[in-house]
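# Summary of structural features
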Number of protein chains: 2
Amino acid sequence: MTEATTAVRRGRGGGGAARRAERSAVRIETAKYIERNIPNFEILTPEALEVIETNAETVLEEIGVNFVENPGALERWRQAGADVQGERVRIPRGLARKLCETAPSSFTQYARNPEKSVEIGGRNLVLAPVYGPPFVRDALGGRRYATIEDFRKFVKLGYMSKWLHHSGGTVCEPTDVPVNKRHLDMLMAHMTLSDKPFMGAVTEPSRAQDAVEMCEILFGKDFVAENTVMTSLININSPLTFDATMMGALEVYAASNQACIISPFIVGGAMAPVTVAGTLTQVLAEVLAGVAYSQLVRPGAPVIAGAFVTSIDMNSGAPTFGTPEASQITFGMGQLVRRLGLPYRSAGSFNGSKLPDAQAAYETANTLNTGLYSGVNFMLHACGWLEGGLVASFEKFVMDADQLGALHQMAKGIDMSENGLAMDALREVGPGGHYLGCAHTQANFKTAFWRSSLLDYKPYETWYENGAPDTQSLANSAVDRILSQYQQPALDPDIERALTDYVDAKKASMPDAFT
Amino acid sequence: MTEATTAVRRGRGGGGAARRAERSAVRIETAKYIERNIPNFEILTPEALEVIETNAETVLEEIGVNFVENPGALERWRQAGADVQGERVRIPRGLARKLCETAPSSFTQYARNPEKSVEIGGRNLVLAPVYGPPFVRDALGGRRYATIEDFRKFVKLGYMSKWLHHSGGTVCEPTDVPVNKRHLDMLMAHMTLSDKPFMGAVTEPSRAQDAVEMCEILFGKDFVAENTVMTSLININSPLTFDATMMGALEVYAASNQACIISPFIVGGAMAPVTVAGTLTQVLAEVLAGVAYSQLVRPGAPVIAGAFVTSIDMNSGAPTFGTPEASQITFGMGQLVRRLGLPYRSAGSFNGSKLPDAQAAYETANTLNTGLYSGVNFMLHACGWLEGGLVASFEKFVMDADQLGALHQMAKGIDMSENGLAMDALREVGPGGHYLGCAHTQANFKTAFWRSSLLDYKPYETWYENGAPDTQSLANSAVDRILSQYQQPALDPDIERALTDYVDAKKASMPDAFT
């Protein structure tokens, strides 16, 4: 547990002594990434895993994958021994898996605050916020296009969250900033408003290059040459297609030894077969090809094998979330990725609800639980996701982030120490007694049970007198409280100035583009 | 899947042709109890299980349990070889476990509709509704004391639910009926308004006897003598205490070969140690003693070993739900009960929220998922629970019941048949193609994905034009729709008359009592 007690900035008028006293007591804590002490849930038998692995190799060998508008990639595959016809790459059985062997099973992503660096892989779980929504929602303002100011608020909320280990990437799309300059403002926000690890730009190879150069300013050129300081999201265009933009960004990052998540984004039944085993086969084939390609660019480049799969409502065609099929795929893919010896990315605060209501919470909890038990190592979208990913919700961000605390506690497993076994307490209390006053309870009660810092545990009458708030209402107050308590982490002014200069110069070098 | 297409009763005035057409299409389906085709999640190592088992035997031998105001029970224990001092029963190491061996690992509870009989044990999961709340809540009426009319509505909702296999017991406390006559009206409702299996009365041994006699009318005396037609809830008074009322009811049921759930109701830190391993030790000791006692009453009597454990908010003393500690106990107890070879009861739609909001859904989903993966065989409280069990919520009943459908689908596991593997679809579509139109999708899309019948999957604009309903609002409409579609299952008029005569005579035989 890394902790930093900070003297919180006073002010903005008003307040009063009680409020100042409360504020000055604020501790900004970040929990260490989760180190699981519980088993993974293994839904598939070893025999079933072998069938899927064999079929995935058949897909790569017989059907192949397309690398679109990317002659360099085709040449790399040809040299590696693949059968390349036009843009179709057919990969001989076993070759992709063999190429994946040079990818590390685990790697460190450094943060500018070294206490917040994360180890991605093994039995660890690193939690990062929602990525990509063009809209935001809050209880008062409703649903609207996201702005850079919204973006900065989310980065601040992420920085203040005890249970988020990672600042993420495009926590929402700052639609008021030109498309070709957004990445600069987003990176600036992650680098200056937080000290947690973050993600780079992937929308153009040149923007990925900008991200590397900004990291060289933040961390130092030598440090970036030697270490991984970004993990970026490279989507596969399912089925079985790798486009030039995403591969271009991958090439930049892999060449710089920066990490990529290589992950299909699949709506089952549309971009993959309607069956779970068929989808697993395709996802494994895609991940094998993508990870293998990263190793052709630079053997040893750090990568995370991902699976983002939803099911579909066959009545409306809408993607659906928190469903049993999505859970089965997440569990099965976890097993397949572990057999590949790679870090695994999946799950998140997924839901299809328009509001941070019961639907949102059922679907999210189904997915978060699945993520924990499936052995996910990097969970993008771990908080704040709403409406199928179209919306980043301020209230849901803090609601989900609170639930992430429960994952930390669950992952610790069951304490089998003498204190955990509590035989002294059992002997002291005996039949018909009461544990609240016993010595063992007194010694342990502060840390015995996980406690939500958001949800309502009050007696009914107190809750009613407080206005009978629902969860969204409690979360709305929490968002305001957290943002009012936010204090920017210190950064060397020379570095901050150099970053500002870099961004200003880049922006001045090109006209605004909004598409 | 048992199905019954029924011509639905028309009416109550109004309606119109469209509504009648919709109604006449209603199918009342009940899914078969869940037969798991997925593994259980095993959180404890075999070594850890042995430590807890050893410690539980130590608790029984050294500390013992109290059987209060029950000389007959003390005499049974004395004859079985226990050390009885006053009301304290110390059970020699191994004796309780040995006595448990005569309890069946699985048993059939018969319903009056034989298609709805359930098999409790093995890899099965039987779902029953909330039990015990003195209050009810709905969106329009708010929170209020429950009445027998509320009770009947819940029985109807349970009968109409596809995913509930069991009608339950005290779905809410009918507080407008005298305490000493409630069981008669409640049993009458389960027997006449539903044809699913149900639970008996436990608040007095004489009321348990009434339940047996009413079952003899409903099923026939010979049938009841030979078969189990009720499963009733016997709570242990933790820590380590068995009271005369509950044991009296257990004695009646066990003697009649009727099933009992023997289960502590524990608020961790108050009625058990604050640690998970300590609580597991106590719960195992309690269950061993209780199940062993049922076998002293009648060897072979069907029982379910239960664990109902919440954690506590050490700030307010309130019980908390859906927490990691509760999940750890549910997982661990599942392993311990399987090693005893008994059916397992745990989990449910637990939450501490005052409203059917996001808090309710997070906590409920955490618990439902835990229940599925922990190998629970009988899940009481599977839907409708609100506010720590003080409230039965109409909206939450249908919200949770909808989620229970997802458990059915998840439990099926992953289809590894040729159709499931979908290699033909992968070959047909290929890189860059689309699966929606392919032959495999066309052949499978109707059953490919679980689909909520309640939650919102609509496009944003449609949802907004429909009034932007939250989940509670959708559920409120669903409750009204389901109750308007309800049709009573047929029952032999002679039997119904005999039941009515029995209840009338019983009621006339005693004055009203409200405590």
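Predicted model only: the values in this text are computed from it and were never measured. (Residues numbered from 1 in each chain as written. Chains lettered and ligands numbered in written order. Predicted model: local features only at pLDDT ≥ 70, side-chain atom pairs only at ≥ 80, totals over all residues.)

Residues and elements named next belong to chain A. For strand β14 (residues 259-267), the tally of buried residues reaches eight of nine residues, placing the bulk of the element in the interior. Here strand β12 (residues 231-236) runs beside β14; their pairing, made up of six bridges, is parallel. Bridging across to β14, N235 finds its partner in S263. With three bridges connecting them, β14 and strand β15 (residues 303-306) associate as parallel partners. Across the sheet, residue I262 finds its bridge partner in β15, namely A305. Looking at chain direction, β14 and strand β16 (residues 308-312) are connected through three bridges and run parallel. Following the sheet pairing, F265 is matched in β16 by F308. (Buried ≥ 20, exposed ≤ 12 C-beta atoms within 10 Å, placed from the backbone. Helix = DSSP H or I, 4+ residues; strand = E, 2+ residues; numbered from the N terminus. Pairing = 2+ DSSP bridges.)

So, about the sheet that holds strand β20 (residues 385-386) of chain B. All names here are of chain B. The mixed open sheet is built from four strands, whose spatial order is β11-β10-β21-β20. Two strands bound the open sheet, and with one partner strand each, they are β11 (142-145) and β20. For strand β10 (residues 135-138) and strand β21 (residues 391-393), the ladder comprises three bridges, and the chain directions are parallel. When the bridges of β21 are listed, F135 appears paired with V391. Contacting β10, β20 and β21, helix α13 (residues 394-411) crosses the sheet at an angle of about 65 degrees to β21. (Contact = placed C-beta atoms within 7 Å. Axes fitted to C-alpha atoms, helices over the stretch in contact; angles between N-to-C directions.)

What follows deals with unusual backbone geometry. Cis geometry marks the peptide bond from S238(A) to P239(A), where omega comes out at 0 degrees. In this structure, P239(A) sits in the loop between β12 and β13 (241-242). Positive phi values are uncommon outside glycine, yet A468(A) reaches one of about 50 degrees. Tracing the sequence through the fold places A468(A) in the loop between α17 (460-465) and α18 (471-485). We note that H381(B) has phi near 65 degrees; this positive angle belongs to a residue other than glycine. Position of H381(B) among the secondary structure elements: in the loop between β19 (378-379) and β20. Overall, the presence of 28 C-beta atoms within 10 Å leaves H381(B) in the buried class.

All names here are of chain A. Viewed as axis vectors pointing N to C, helix α5 (residues 148-160) and α18 meet at an angle of 85 degrees, and their least axial separation amounts to 10 Å. For the element pair α5 / α18, the angle class is roughly perpendicular. Counting all contacts with α5, which are made through K153, K156, L157 and M160, the residues of α18 involved are V479, I482, L483 and Q485. Each residue belonging to the contact of α5 with α18 can be placed in one class, and the counts come to five nonpolar, one polar and two charged. (Parallel < 35°, antiparallel > 145°, perpendicular 65-115°, else oblique. Nonpolar A, V, L, I, M, F, W, Y, C, P; charged D, E, K, R; others polar.)

Residues and elements named next belong to chain B. Close contact between helix α7 (residues 205-219) and helix α19 (residues 493-508) brings their axes to 9 Å; oriented N to C, the two are set at 160 degrees. Considering their axes alone, α7 and α19 lie roughly antiparallel with respect to each other. As for the relative orientation of α7 and α19, their crossing is right-handed in sense. When α7 is examined against α19, the residues D210, E213, M214, I217 and L218 are found in contact with a partner set consisting of I495, A498, L499, Y502 and K506. The residue inventory of the contact of α7 with α19, partitioned by class, reads seven nonpolar, no polar and three charged. (Left-handed = near helix turned anticlockwise from the far one by under 90°.)

The subject of this paragraph is helix α18 (residues 471-485) of chain B. Given a rise of 1.5 Å per residue, 15 residues ought to cover 21 Å, and the 21 Å separating the end C-alpha atoms of α18(B) matches this to within 8%. T471(B), Q472(B), L474(B), A475(B), A478(B) and I482(B) are the residues of α18(B) that are buried. For α18(B), the arc enclosing every buried residue in end-on projection is 150 degrees, short of the 170-degree limit, so these residues lie on one face. The elements touched by buried residues of α18(B) are α12 (358-373) of chain A together with α5 (148-160) and α13 of chain B. (Expected span 1.5 Å × (residues − 1). Arc of directions from axis to C-beta.)

Turning next to the relation of the copies chain B and chain A. Laying chain B over chain A is done by rotating through 180 degrees and shifting 0.0 Å along the axis; what remains is an RMSD of 0.0 Å. As the rotation angle and translation indicate, the two copies are arranged about a two-fold axis. Minimal C-alpha separation from the rotation axis in chain B is found for A358(B), amounting to 2.1 Å. Comparing interface residues between copies, 100% of those in chain B also sit at the interface in chain A, which points to an isologous, same-surface contact. (Least-squares fit on C-alpha atoms with pLDDT ≥ 70 in both.)

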